[in-house]
Amino acid sequence: MPVVPHRHCIVCGKAIEPEKKFCSNECEETMKREQKRQRNFTLAMFGLLFILLLMMLLFSPR
Ligand SMILES: [Zn+2]
C-alpha cells in the first residue's frame, strides 16, 4: 500500500489533505473553542498564582 502524503484532522483524526488542518468547519470550531477554554484556564491559573503571591507578601511576617 503506497503511502500518500496526508495529515490527520487534529480534532477527530480523520485523514485530510496535507495543506489542511481540519476535516470540516465543525472540527475547526471545536478546536477554537478548546483553545479558548485552555487560554481561559491558563489565565485563571495565573490570576490565582498572582493572588497567592500577593497574600504571601501581605501576610508574611517581617
Ligand atoms: Zn475532524
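Going by the structure above, here's the rest.
All values derive from a computational prediction rather than experimental measurement.

Engineer: For this particular structure, what's the right way to read a nonpolar patch on the surface?
Structural biologist: Taken together, the side chains of Phe50, Ile51, Leu54, Met55, Leu58 and Phe59 define a hydrophobic patch exposed on the protein surface, amounting to about 680 Å² of accessible area. Among the structural elements, methionine 55 can be located in helix α1 (residues 25-59).

Engineer: Looking at this structure, how should I read the coordination of the zinc ion?
Structural biologist: When a metal holds four donors in a tetrahedron, each ideal angle between them is 109.5 degrees; when it holds six in an octahedron, the ideal angles are 90 or 180 degrees. Bound to the zinc ion on the protein side are Cys9 (SG), Cys12 (SG), Cys23 (SG) and Cys27 (SG), at distances that span 2.2 to 2.4 Å. The coordination sphere of the zinc ion comprises four donor atoms, whose angles at the metal cover 103 to 117°; the geometry is tetrahedral. Mapped onto the sequence, the donors of the zinc ion take the spacing C-x2-C-x10-C-x3-C. The exposure class assigned to cysteine 12 is partly exposed, which follows from its relative accessible area of 45%.

Engineer: Where do I start with the pattern of salt bridges in this structure?
Structural biologist: Two side chains bearing opposite charge may form a pair once their charged atoms approach each other closely. Going through the model one piece at a time under the given rule, you end up with three salt bridges. Linking glutamate 34 and arginine 37 is a salt bridge whose minimum nitrogen-to-oxygen distance equals 3.0 Å. Residue glutamate 34 and its partner arginine 37 are both found in helix α1; the two are separated by three residues, about one turn of the helix. Residue class for glutamate 34 comes out partly exposed when judged on its relative accessible area of 30%.

Engineer: How should the nonpolar core be read in this particular structure?
Structural biologist: Ranked by size, the top nonpolar core spans five residues in total: Cys9, Ile16, Phe22, Cys27 and Met31. For isoleucine 16, the contacting residues outside a window of four places in its chain are His6, Arg7, His8, Cys9, Lys21, Phe22 and Cys23.

Engineer: Looking at this model, I keep getting lost on α1. Mind explaining?
Structural biologist: Residues lying three or four places apart along an α-helix face the same way, a consequence of the helix completing one turn every 3.6 residues. Given a rise of 1.5 Å per residue, 35 residues ought to cover 51 Å, and the 51 Å separating the end C-alpha atoms of α1 matches this to within 8%. Taking burial as the measure, the 35 residues of α1 include two buried ones, a minor fraction of the element.

Engineer: I'm lost on the environment of lysine 21 in this one. Help?
Structural biologist: With respect to the secondary-structure elements, lysine 21 resides in the loop between β2 (15-16) and α1. Residues contacting lysine 21, with those up to four places away along its chain left out, are Arg7, His8, Cys9, Ile10 and Ile16.

Cut-offs used in this document
Residues numbered from 1 in each chain as written. Predicted model: local features only at pLDDT ≥ 70, side-chain atom pairs only at ≥ 80, totals over all residues. Heavy atoms only, no water. Patch = residues over 30% accessible without salt bridge, like charges linked within 9 Å, V, L, I, M, F, W, Y side chains within 5 Å. Areas by Shrake-Rupley, 256 points an atom, 1.4 Å probe, with all protein chains shown as cover. Salt bridge = Lys/Arg side-chain N within 4 Å of Asp/Glu carboxyl O. Helix = DSSP H or I, 4+ residues; strand = E, 2+ residues; numbered from the N terminus. Donors = N, O, S within 2.8 Å, 3.2 Å for Na, K, Ca; no water. Tetrahedral: all angles 85-135°; square planar, octahedral: opposite > 155°, others 65-115°. Buried < 20%, exposed > 50% of the residue type's maximum accessible area, 1.4 Å probe, protein only. Core = buried A, V, L, I, M, F, W, Y, C linked by side-chain atoms within 4.5 Å. Contact = heavy atoms within 4.5 Å. Expected span 1.5 Å × (residues − 1).

Treat this as a map of the structure, not an account of what it does.
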